[in-house]
Amino acid sequence: MRHPKTALGALLLAVALVTGACATSTDAVVTGPETFEFVSPDGQLEINYDPPSERKPVATLTGPDLMDPDRTLNVQEDFEGQVVILNLWGQWCGPCRAESDDLQRLQEEFEPQGATVFGINLRDPNRQKPVDFVEDNGITFPSIWDPSNAAVAALRGFPTSVVPATIILDKQHRVAAVYLAEITDDKLRDTVSAILAEEVEPV
């Protein structure tokens, strides 16, 4: 019987070659009674969760502000009632750098409508490098600095090798869509608009 680690490694390598991402994995699904949890079944790179009643919320996402480590960011408290375009990135990652302009355009377009891009900066132990990247590229959306992977642990099982990755949270901060490869603003625009138009469901 094939060793599970060997099989997983072969699958991850194949997907990375196809997508051109820094590193990637397979599909994300929602399991468990209360919160979103990532598992790896069948190799999809784009997932939409409908109907909304079947979505699961993420656990509390919090951590130090990349630009001000004395300040703590909290997705649920700081962006209550807003759609959140959650992006996992690193300044060392070519596709992350390439999509940063697209994410900034989404921020500028949708912030007045009640949505925000929110980054989690991964695997950057030297904080100054991602800070310089943000400043040099005019990025205005916030990011958590997460070199220890403490914040991304809220995505229960989401592998830190999946960079870049984008997870769209609806107004109740439930996972509505997942993209496991580099994105463009054109690709996400209709999805974000549709999620913004959804009515908030009673708890």
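Cut-offs used in this document
Residues numbered from 1 in each chain as written. Predicted model: local features only at pLDDT ≥ 70, side-chain atom pairs only at ≥ 80, totals over all residues. Heavy atoms only, no water. UniProt positions renumbered as here; feature names shortened; annotations may be inferred. Salt bridge = Lys/Arg side-chain N within 4 Å of Asp/Glu carboxyl O. Helix = DSSP H or I, 4+ residues; strand = E, 2+ residues; numbered from the N terminus. Buried < 20%, exposed > 50% of the residue type's maximum accessible area, 1.4 Å probe, protein only. Phe/Tyr/Trp six-rings, centres within 6.5 Å; stacked < 30°, edge-to-face > 60°.

Naming follows an unreviewed UniProt entry, where the chain appears as TlpA disulfide reductase family protein of Dietzia cercidiphylli. On record in UniProt, under Subcellular location (unreviewed entry), the comment for the chain is "Cell envelope".

Peer 1: An account of the pattern of salt bridges is needed here, citing residue identities and associated values.
Peer 2: Following the criterion strictly, the structure yields 12 salt bridges and no others. With a shortest N-O distance of 3.3 Å, Glu 37 and Arg 156 are connected by a salt bridge. Linking Glu 37 in the loop between helix 1 (4-19) and strand 1 (46-48) with Arg 156 in the loop between strand 6 (143-146) and strand 7 (165-169), this pair joins segments that are 119 residues apart in sequence. Assessed through its relative accessible area of 33%, Arg 156 is described here as partly exposed. Across the salt bridge formed by Arg 105 and Asp 102, the nearest N and O atoms sit 3.0 Å from each other. Taken as a pair, Arg 105 and Asp 102 lie in helix 3 (residues 94-110) at a separation of three residues, close to a single helical turn. Overall, Arg 105 belongs to the partly exposed group, its relative accessible area being 39%. The buried category is assigned to Asp 102, whose relative accessible area is 10%.

Peer 1: Help me get a handle on the packing of aromatic side chains, residues and values and all.
Peer 2: One pass over the structure, following the stated rule, counts two aromatic pairs. Considering the side-chain rings of Phe 79 and Phe 118, the 5.8 Å spacing of their centres and the 75° angle between planes classify their relative orientation as edge-to-face. Here the residue Phe 79 occupies a position in the loop between helix 2 (75-78) and strand 4 (83-89), and Phe 118 occupies one in strand 5 (residues 115-122), the gap between them amounting to 39 residues. Using a relative accessible area of 13% as the deciding quantity, one classes Phe 79 as buried. Relative accessible area serves as the criterion here: at 0%, Phe 118 is assigned to the buried category.

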